[in-house]
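Examining the three-dimensional arrangement
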Amino acid sequence: MASQYVDMVMGQVVARNPGETEFHQAVREVAESVQVVIDKNPEFATMKVLERIVEPERQIMFRIPWVDDHGQVQINRGFRVEFNSAIGPYKGGLRFHPSVYLGIIKFLGFEQIFKNALTTTPIGGGKGGSDFDPKGKSNNEVMRFCQSFMNELFRHIGEDTDVPAGDIGVGGREIGYMFGQYKKLTNTFTGVLTGKGLEWGGSLVRTEATGYGLVYFVTRMLQDKGATWKGKKVVVSGSGNVAIYATQKVHELGAKVIAMSDSNGYIVDEAGINLNTVKRIKEVERGRIREYVDEHRTAQYVEGWQGIWTVPCDIALPSATQNEIDETAAKSLVKNKCMVVAEGANMPSTPEAIEVLQQNHVAFGPAKAANAGGVATSALEMCQNSMRLSWTFEEVDKRLNMIMNAIYDQCTAAAEAYGVKGDLVAGANIAGFLKVAKAMMAQGIV
Ligand code: NDP
């Protein structure tokens, strides 16, 4: 009966959201995992909790006109999907990338509901962004774009309503320009965005949090295999915020990252990636990863990002974008005896890839759980903003570590309770769903 019910819900989702393939993919994974929950708790079906959860509470699309450095008028499209507020204000990042359309924002917003529930902090799920491409734009162009974006977004967000943050293409610079415009439009100084600069309400560790949190999560996965980080070879895709700080923590713990990438290609440095070089190229010069080999003779550059998964490693941390590990890539990882794959990016593995990895006993840490450290630390930033206080680096890092451990415990306990012991994908979906579903039941049909 449950299977028929989930099929029926999926049929509705596909029919009502045509062409939004990433959104369908994200919903299908959760719906399949929570079949067992609905079997045990038929009241969730009666109250149509799943049908309600797959429908955003509100979705906003808007025009973003701006003027480039040549005096030409440019028009982009902006999105904010306020998906679910059952357990707290909408919370989730903004993505600026030319591939952004409603289906991407909805998949990210949907995932965010359950991820945020797992963090143990009181935040609902949302996501937003634009098809604007910050690459190759001057600082002034990025500023004018961010101001125009906020000219519409400001009326929909607020410290107790919806609190956006960064994601692909949105880092400290963009958050700064958007915060400045929000402040000007509303004449308020509130914690309406997270990822702020340390001088104006930001939290220590927020920049590092997703990467560090990912590594804390993998530490628990390794422990379950009776292993540690010492001496492990690690491949990290991407070279943005998540990838850089995951690499930093991996190196601190005695393992070696030997490959990183960007959307053009990847570098392999068997001597261990020199993170200072990567940080300078990507964070300061906003350059390309291929420039790394100009300074490091031990390294080689390969054009095309997909090939990174053929590099033999013990641990793989996909930290670039969605669907970057497909079935073929997963088979390469298995062939090369990779023992752990944990997702720094959102939905970087296709369903076929996850099946290959799990069938071959590669420990698999899903994004909702493994990369939740970023949003968890954003929640800590909101907390500090409300109290008008700043905690030390050690204090925030300790809380982040505790949260990642709590997430791991929730996933393993939920998986065991529902008869799928060791399956962290199912465990994360079930634990996240249960928390939100119970809150929705308590709050009536709204
Ligand atoms: P950044 O913009 O800082 O970095 C993104 C990196 O991924 C860049 O190296 C980029 O290369 C690469 N990349 C982007 N798109 C593609 C693509 N289509 N193919 C190959 N490589 C690509 O973003 P983040 O590090 O913040 O985000 C990375 C992932 O982590 C995303 O999935 C995001 O949703 C997820 N995430 C981020 C969190 C955060 O706190 N920042 C929190 C939780 C999840 P290039 O420079 O060439 O574009």
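Residues numbered from 1 in each chain as written. Predicted model: local features only at pLDDT ≥ 70, side-chain atom pairs only at ≥ 80, totals over all residues. Heavy atoms only, no water.

1. A short note on the sheet that holds strand S3 (residues 90-96)
In a beta sheet, neighbouring strands pair by backbone hydrogen bonds and run either parallel or antiparallel. Condition: Note on pairing: two strands pair once DSSP finds at least 2 bridges between them. A run of H or I in DSSP counts as a helix once it spans at least four residues, and a run of E counts as a strand once it spans at least two, with each numbered from the N terminus. The angle between two axes is taken between their N-to-C directions and runs from 0 to 180 degrees, where each axis is a line fitted to C-alpha atoms and a helix contributes only its stretch in contact.
With mixed pairing, 5 strands are arranged side by side in an open sheet as S1-S2-S4-S3-S5. Unpaired on one side and paired on the other, strand S1 (58-67) and strand S5 (162-165) mark the two borders of the sheet. Between one strand axis and the next, the sheet turns by 20° as a mean value, whatever way the strands run. Looking at chain direction, strand S2 (residues 73-84) and strand S4 (residues 124-130) are connected through 6 bridges and run antiparallel.

2. Re the sheet that holds strand S10 (residues 315-317)
Read from one edge to the other, the open sheet built from 7 strands follows the order S9-S8-S7-S6-S10-S11-S12, with strand pairing classed as mixed. At either margin of the open sheet sits one strand with a lone partner, and together these are strand S9 (300-303) and strand S12 (363-365). Across the sheet, the axes of successive neighbouring strands diverge by a mean angle of 15°, strand direction being ignored. Relative to strand S7 (residues 256-261), strand S6 (residues 233-236) runs parallel, the two sharing 3 bridges.

3. Focus: the site of the ligand
Cut-off, in case you're wondering: Each residue is tested against the molecule or strand, and it is near if at least one of its non-hydrogen atoms lies within 4 Å. In the analysis that follows, any N or O atom pair within 3.5 Å is treated as a polar contact, provided that within protein one partner can donate a hydrogen and the other can accept it, and provided that, for residues neighboring in sequence, both atoms belong to side chains. All accessible-area figures derive from a Shrake-Rupley calculation using a 1.4 Å probe, and residue coverage is judged against the displayed protein chains alone.
For the ligand, the set of nearby residues contains 26 residues, the closest of which are Asp167, Thr210, Ser263, Arg288 and Asn346. At a separation of 2.7 Å, an oxygen atom of the ligand approaches a polar side-chain atom of threonine 210. Backbone polar atom of valine 242 to an oxygen atom of the ligand: 3.0 Å apart, as the coordinates give it. Taking 890 Å² as the accessible area of the ligand by itself, protein coverage stands at 87%.

4. Considering the domain arrangement of the protein
Note: interface size is frequently given as the accessible area lost on complex formation between the parts. Note the threshold: Start and end points for every domain follow an automatic or database-based domain assignment. Whether two residues are in contact is decided by their heavy atoms: any pair within 4.5 Å suffices. By convention, the term buried area covers the 1.4 Å-probe accessible surface removed from two parts as they join, with the contributions of both added. The term salt bridge refers to a pairing of a side-chain nitrogen on Lys or Arg with a carboxyl oxygen on Asp or Glu at a separation within 4 Å.
Split by domain assignment, the protein resolves into domain 1 (1-54), domain 2 (56-189) and domain 3 (209-370). Residue-level contacts link 5 residues of domain 1 with 7 residues of domain 3. Here domain 1 packs against domain 3, burying approximately 430 Å² in sum over the two surfaces, 55% of which is carbon and sulfur. The interface formed by domain 1 and domain 3 holds 1 salt bridge in total. A salt bridge links glutamate 29 to lysine 368; the nearest nitrogen and oxygen atoms lie 3.2 Å apart. In this structure, the connection of domain 1 to domain 3 is made through 2 residue pairs in polar contact (both at pLDDT 80 or more).

5. Thoughts on the side chain of lysine 232
Along the chain, the position of lysine 232 falls in the loop between helix H9 (206-224) and S6. Setting aside residues no more than four positions away along its own chain, lysine 232 makes contact with Ala227, Ala255, Lys256, Asp314, Ile315 and Met339.

6. Describing helix H8 (residues 172-186)
Applied cut-off: A helix's residues, less one, multiplied by 1.5 Å, set its expected span. Exposure is judged per residue with a 1.4 Å probe applied to protein chains only, and the accessible area is read against the type maximum: over 50% gives exposed, under 20% gives buried, and values in between give partly exposed.
Spanning 15 residues, H8 covers 21 Å between terminal C-alpha atoms, matching the ideal 21 Å at 1.5 Å per step. If you check which residues of H8 are buried, you get Arg173, Glu174, Ile175, Met178, Phe179, Gln181 and Tyr182. Buried residues in H8 make contact with S3, helix H7 (139-153) and S5. One or two steps after H8, the chain reaches asparagine 187, where phi turns positive at roughly 55°.

7. Some points on the pattern of salt bridges
Summed over all chains, the structure comprises 21 salt bridges. Residues aspartate 167 and arginine 95 are paired through a salt bridge, measuring 2.6 Å at the closest nitrogen-oxygen approach. Within this pair, whereas aspartate 167 is found in the loop between S5 and H8, its partner arginine 95 is found in strand S3, the two being separated by 72 residues in sequence. Here glutamate 395 ties to arginine 399 by a salt bridge, and the two come within 2.8 Å at their closest N and O atoms. A residue pair is termed a helical-turn pair when its members lie 3 or 4 positions apart in one helix, as glutamate 395 and arginine 399 do in helix H16 (residues 393-417) at 4 residues. On the accessibility criterion, arginine 399 (31% relative accessible area) is partly exposed. Connected via shared salt-bridge partners are Glu29, Glu111 and Lys368.

8. Details of unusual backbone geometry
With a phi angle near 50°, lysine 48 is a residue other than glycine that sits in the positive phi range. You can see lysine 48 is positioned in the loop between helix H4 (42-46) and helix H5 (49-53). Despite not being glycine, valine 205 shows a phi value in the positive range, around 75°. Inspection of the secondary structure puts valine 205 in the loop between H8 and H9. The buried category is assigned to valine 205, whose relative accessible area is 2%.

9. Focus on the packing of aromatic side chains
What counts here: When two rings of Phe, Tyr or Trp (its six-membered ring) have centres within 6.5 Å they constitute a pair, described as stacked for plane angles under 30 degrees, edge-to-face for angles over 60, and tilted for the intermediate range.
If you walk through the whole model with that rule in mind, you get 17 aromatic pairs. Consider the rings of phenylalanine 23 and phenylalanine 83, whose centres lie 6.0 Å apart with planes at 45°: the pair is tilted. Of this pair, phenylalanine 23 sits in helix H2 (residues 21-33) while phenylalanine 83 sits in strand S2, and the two are 60 residues apart along the sequence. For the residue pair phenylalanine 23 and phenylalanine 83, the accessibility class agrees, reading buried in each case.

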